[in-house]
Amino acid sequence: MRVLNLAAIIDEICNSEAAIGGPVQRTAFIGQSHADVYRVTAGGRTFIAHASRQGIEYLMRLRANLDRVAVLEDDRIPREVAWRTSNGAWAVLMYPEIAGEELHASNATDEALESLGDLLRRLHSVEDPGHQPSDLAGRVNEPSAFAAFGEMLIHRLSDLPIRTDRVRHHLDVMSAYLREHASEFQVPTRLIHGDLHRSNIVSTGTSVGLLDWGDLTAGDYAFDLAALKFILDAVAPRKSTQFIRARARDYAQRFHDGSLEIRMRFFLALAGLVRAFNCADDSAALRPSRAWRVRACYLHSETQWRSPLMIDGPSAGAPVARTEDFAVDMRQPIRGLFYLLAPKRVS
């Protein structure tokens, strides 16, 4: 295991970078994902430091992505204040911490959601030439990669009490829909976040910040809108459908997008499948809990498919459905214990 003298590196950064302007008062470890993450207090302000000790590819990509969205000049997006690396062996990336807590029911206020919607609209307004999809290694947001994603999902479910024949039928129906509407999915690519999750959104109740830009890519903004619907079904169920419907209506008019409603049906169903895939990947979790989380996400996908979003008209469609956040909600301990222990089947 590579050992990094992080204290010395952080101290050098804070004493030499004008954007920080002060010595280190405190450094606290937050967690580890693609890199070790720390909260640094220096010069009377707080910063987030990502430190990689085992190769720097992820931090290089994150840094490049933050540079791409810097054109928005938006304080709701992290901005680099320091970068240090040594021969590709290690790297440290720092940016000011954005105030707020992870998005939850109490801070998902109307004002916060409007701030989030505005930020995403600004991001999605940036056109991007994108790249040619690959038959061998596409991104999950690309319709051309859906068949390969479906096969990977089936493999992930093989050890869980979930009927794969039902899942496969759902995947086949979605694939047929893609073929039937292939021309409607040929849309100009724009910048999308690509990995919206409630842990990536912080809210003060009046404004938001959007974090974790490692998966920034070019694609269809319908993918981000669908992921946001999945999030809001858990944290703001009374507002979720109408909020996304209003965003979709605005996008259809603003971007002269006549096929958005058709595409939203596919992406709203895809959002639950992507989360099911991620939950299935959590092999360290207790098996009944893992199975229930996957089941909740999968059923969310089926629900969105059966009743697709209607941008206009008296019925909105896209009903609120439970997600894995509901399934393991320990604030209601009896229900939570039941979900953790009871083996459930999709039948």
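Structure's up top.
In this report, the structure presented in the accompanying data block is examined. (Residues numbered from 1 in each chain as written. Predicted model: local features only at pLDDT ≥ 70, side-chain atom pairs only at ≥ 80, totals over all residues. Heavy atoms only, no water.)

1. Overview of the side chain of His193
When you line up the elements, His193 lands in the loop between strand S7 (190–192) and strand S8 (201–203). On the accessibility criterion, His193 (0% relative accessible area) is buried. Here the side chain of His193 touches Leu196 through a polar contact of 3.5 Å, landing on its backbone nitrogen. With sequence-adjacent residues up to four places away left out, His193 is seen in contact with Leu123, Asn200, Leu210, Leu211, Asp212, Trp213, Asp215, Leu216 and Asp224. (Helix = DSSP H or I, 4+ residues; strand = E, 2+ residues; numbered from the N terminus. Buried < 20%, exposed > 50% of the residue type's maximum accessible area, 1.4 Å probe, protein only. Polar contact = N/O pair within 3.5 Å; in protein donor to acceptor, adjacent residues only side chain to side chain. Contact = heavy atoms within 4.5 Å.)

2. Some remarks on the sheet that holds strand S4 (residues 82–86)
The strand order across the open sheet formed by five strands is S1-S2-S3-S5-S4, and the pairing between neighbours is antiparallel. Here the strands that pair on one side only, and so sit at the sheet edges, are strand S1 (24–32) and S4. For this sheet the average axis-to-axis angle between neighbouring strands, irrespective of direction, equals 20°. Pairing of strand S2 (residues 36–42) with strand S3 (residues 45–52), which is carried by seven bridges, proceeds in the antiparallel orientation. Counterpart to Tyr38 in the pairing with S3 is Ala49. Across the sheet, helix H1 (residues 6–16) lies against S1, S2, S3, S4 and strand S5 (90–96), angled at about 45° from S5, the strand it touches most. Packed on one face of the sheet, helix H2 (residues 57–69) meets S3, S4 and S5 and runs near 35° to S5. (Pairing = 2+ DSSP bridges. Axes fitted to C-alpha atoms, helices over the stretch in contact; angles between N-to-C directions.)

3. Some points on the pairing of S1
Sheet analysis places S1 next to S2, joined by seven bridges and oriented antiparallel. Looking at the pairing, Gly31 lines up with Val37 of S2.

4. Notes on the sheet that holds strand S9 (residues 208–210)
Here three strands make up an open sheet; going across it, the order is S6-S8-S9 and the pairing antiparallel. The open sheet has two free edges, formed respectively by strand S6 (101–102) and S9, since each of these has just one partner strand. As paired elements, S8 and S9 share three bridges and run antiparallel to each other. Within the sheet, the bridge partner assigned to Val202 lies in S9 and is Gly209. Those strands touched by helix H3 (residues 110–124) are S8 and S9, and its axis lies near 35° from that of S9.

5. Some words on the packing of H3 against helix H7 (residues 240–254)
Packing of H3 against H7 leaves a shortest axis separation of 12 Å and a crossing angle of 30°. It follows from the interaxial angle that H3 and H7 lie roughly parallel. Considering the relative orientation of H3 and H7, their crossing is right-handed. In contact with Leu113, Glu114, Gly117, Leu120, Arg121 and His124 of H3, H7 contributes Phe243, Arg247, Asp250, Tyr251 and Arg254. Of the residues that constitute the contact of H3 with H7, the class distribution is four nonpolar, two polar and five charged. (Parallel < 35°, antiparallel > 145°, perpendicular 65-115°, else oblique. Left-handed = near helix turned anticlockwise from the far one by under 90°. Nonpolar A, V, L, I, M, F, W, Y, C, P; charged D, E, K, R; others polar.)

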